Amino acid sequence: MTEKQRVLVVAPGRGTYNREELGYLARHHADKKALMATYDALRDEAGQERLSDLDGRASFQPREHTRGDNASALIYAAAFMDFLSIDRERYEIVAVTGNSMGWYIALACAGVLSAEAGFNVVNRMGSFMQEALIGGQIVYPLVDENWQEIPGRRTVLEDLILEIDALEGHDLYLSIDLGGLLLFGGNEAALKALQERLPSEQDRFPLRLLNHAAFHTPLQEPISKRARAQLSAALFWRPKLPLIDGRGKAWTTQGSKTSALWDYTLGHQVVAPYDFTKALQVGVKDYAPDRIIILGPGKTLGGAVAQSLIQMNWRGLASKDDFITRQKSDPPVLAMGMAEQREMVLA
């Protein structure tokens with residue numbers, strides 16, 4: 001019998017269910033009818049459109065499909081079902097992590113939340129965010145087009161955050177450290193000032209994200225308080241798999257307290273910066289996977305994963321060209337949102 005390959009599983013966050021992903025659940029998970037029926041029933045109870053209907057639309061509607069209350073639930077269902085589809089005869093999952101909203105998905109994958117509780121948490125948080133829609137997010141690169149870090153860029157951007165945040169009526173914070181990108185979260189005045197000060201880069205930055213609030217910033221304190229009031233710590237169990245949070249802290253199967261997981265998830269994780277880069281790098285260093293599996297939907301997280309690996313020169317990866325070349329021969333990263341790589345993960 002072939003020895004199993006060790007894998008680190010990475011769950012995606014918002015922005016990964018787009019036009020190309022429409023129909024993802026129907027295409028890839030028609031065999032999980034019972035689970036889909038459960039999720040549709042929960043949406044019915046909440047007075048929300050069923051996931052099967054959203055996923056089954058004839059065309060993608062950005063303002064509808066990217067709303068927090070819809071996008072979060074679609075992404076959770078797709079990613080969690082992908083997790084269930086990983087070939088356990090071929091792969092040993094040594095740890096899980098995720099980007100931003102992917103933390104909630106990672107909790108379900110690790111057994112901290114049940115399949116139903118995980119959906120409930122994601123659906124509630126997505127609804128809270130959409131109803132309040134406090135602030136927004138802007139993305140800007142730290143690296144050039146070959147994924148080489150631009151000298152001094154991080155310091156310039158960090159100084160710019162402090163400069164704008166010091167202005168009266170302006171609230172600006174680091175939101176997510178995402179491989180070769182930084183995401184800023186702030187109120188409208190701060191985001192406008194930031195866009196005016198950032199030079200155009202790579203034909204698409206600075207990029208304002210549609211239907212995104214100022215996630216992982218102090219502006220979300222009202223969301224944190226609401227979540228703590230409505231989501232019980234009793235939903236949380238001890239992890240069955242190690243998982244790494246947005247500070248790079250590893251939660252083990254034996255030493256993790258459920259009350260602490262609840263407190264971090266609905267507290268710090270909501271109102272403080274999320275360092276996906278560090279989470280990914282800790283997962284690689286501490287758990288020594290042979291490969292990294294990125295759950296679908298979408299394929300945009302692959303770049304951030306690769307950039308995080310390049311930063312630490314993992315297995316000699318030093319540039320975008322290095323990564324692309326390695327992916328063609330013996331891919332270290334398998335994204336389930338990409339058809340060819342997906343086939344390498346499924347039973």
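The sections below set out a description of the structure shown in this document. (Residues numbered from 1 in each chain as written. Predicted model: local features only at pLDDT ≥ 70, side-chain atom pairs only at ≥ 80, totals over all residues. Heavy atoms only, no water.)

**Overview of the pattern of salt bridges**
The condition that has to hold: Any Lys or Arg side-chain nitrogen found within 4 Å of a carboxyl oxygen on Asp or Glu counts as a salt bridge. Helix and strand assignments follow DSSP, with helices taken as H or I runs no shorter than four residues and strands as E runs no shorter than two, numbered in order from the N terminus. Note on classification: 1.4 Å probe, protein chains only; a residue is buried when its accessible area is under 20% of the maximum for its type, exposed when over 50%, partly exposed between these limits.
Within the structure shown, the criterion is met by 16 salt bridges. Put simply, Arg342 and Asp82 hold a salt bridge, and the shortest N to O gap is 2.9 Å. Highlighted residues: Arg342 in helix H16 (residues 339-343) and Asp82 in helix H5 (residues 68-85), separated in sequence by 260 residues. Both residues of the pair, Arg342 and Asp82, belong to the buried class. In this structure, Asp245 and Arg247 form a salt bridge, with 2.7 Å as the shortest nitrogen-oxygen distance. Here Asp245 falls in the buried class, since its relative accessible area comes to 0%. Since its relative accessible area comes to 31%, Arg247 is described here as partly exposed. A single salt-bridge network, built from bridges that share partners, covers Glu49, Arg57 and Glu64.

**Here's the deal with the layout of surface pockets**
The condition is simple: Site definitions follow a grid-based scheme: protein atoms alone, a 1 Å grid, a 1.4 Å probe that fits but cannot get out for cavities, and for pockets an open set with protein on both sides within 12 Å along at least five of seven lines, plus lining residues having an atom within 4 Å of a point. Grid points are joined across faces, edges and corners, and a volume is the space filled by probe spheres set on the points. All amino acids are sorted into three groups, where Ala, Val, Leu, Ile, Met, Phe, Trp, Tyr, Cys and Pro are nonpolar, Asp, Glu, Lys and Arg are charged, and the leftover types, Gly among them, are polar.
Taken as a whole, the second largest pocket encloses approximately 190 Å³ of empty space. Taken together, Leu42, Glu45, Ala46, Gln48, Asp69, Phe119, Asn120, Asn123, Arg124, Ser127, Gln130 and Glu131 make up the full set of residues lining the second largest pocket. Every element with two or more residues in the lining of the second largest pocket is listed here: helix H2 (33-45) and helix H7 (115-132). With 7 residues, H7 is the single largest residue contributor to the lining of the second largest pocket. A per-class count over the lining of the second largest pocket returns 3 nonpolar, 5 polar and 4 charged.

**A few points about the packing of aromatic side chains**
Our working definition: In summary, the pairing rule links any two rings of Phe, Tyr or Trp, Trp by its six-membered ring, whose centres are within 6.5 Å, and it sorts them by plane angle into stacked for under 30 degrees, edge-to-face for over 60 and tilted for everything else. By definition, being over a ring means that NZ of Lys or CZ of Arg is both within 6 Å of the ring centre and within 35 degrees of the ring normal.
Within the structure shown, the criterion is met by 8 aromatic pairs. Their ring planes at 10° and their centres at 4.3 Å tell us that Tyr39 and Phe119 sit as a pair that is stacked. Linking Tyr39 in helix H2 with Phe119 in helix H7, this pair joins segments that are 80 residues apart in sequence. With a relative accessible area of 0%, Phe119 lands in the buried category. Geometrically, the ring pair formed by Trp251 and Tyr264 is tilted, given 6.4 Å between the ring centres and 40° between the ring planes. Separated by 13 residues along the polypeptide, Trp251 in strand S8 (residues 250-251) and Tyr264 in helix H11 (residues 258-266) bring together distant segments of the chain. Here a set of aromatic residues connected by ring pairs shows up, and it is made of Tyr39, Tyr76, Phe80, Phe83 and Phe119. One cation-aromatic arrangement involves Arg88 over Phe83; the distance from NZ or CZ to the ring centre is 4.8 Å. If you follow Lys249 out to its NZ or CZ, it ends over the ring of Trp251, 4.7 Å from the centre.

**Overview of the packing of helix H8 (residues 153-165) against helix H9 (residues 188-197)**
Our working rule: Axis definition: a line fitted to C-alpha atoms, limited for helices to the stretch in contact. Angles are taken between N-to-C directions and run from 0 to 180 degrees. Roughly parallel covers angles under 35 degrees, roughly antiparallel covers those over 145, roughly perpendicular covers 65 to 115, and oblique covers all other angles. By convention, the crossing between two helices is left-handed when the near helix turns anticlockwise from the far helix through less than a right angle, and right-handed when the turn is clockwise. By definition in these notes, contact holds between two residues if any of their heavy atoms fall within 4.5 Å.
Between H8 and H9, the least distance of the axes is 10 Å, while the angle of their chain directions is 135°. Taken together, the axes of H8 and H9 are oblique relative to one another. Every pair of crossing elements has a handedness; the one defined by H8 and H9 is right-handed. Along the contact surface, H8 presents Leu160, Glu163 and Ile164, while H9 presents Ala190, Ala193, Leu194 and Arg197. Tallied by class, residues from the contact of H8 with H9 come to 5 nonpolar, no polar and 2 charged.

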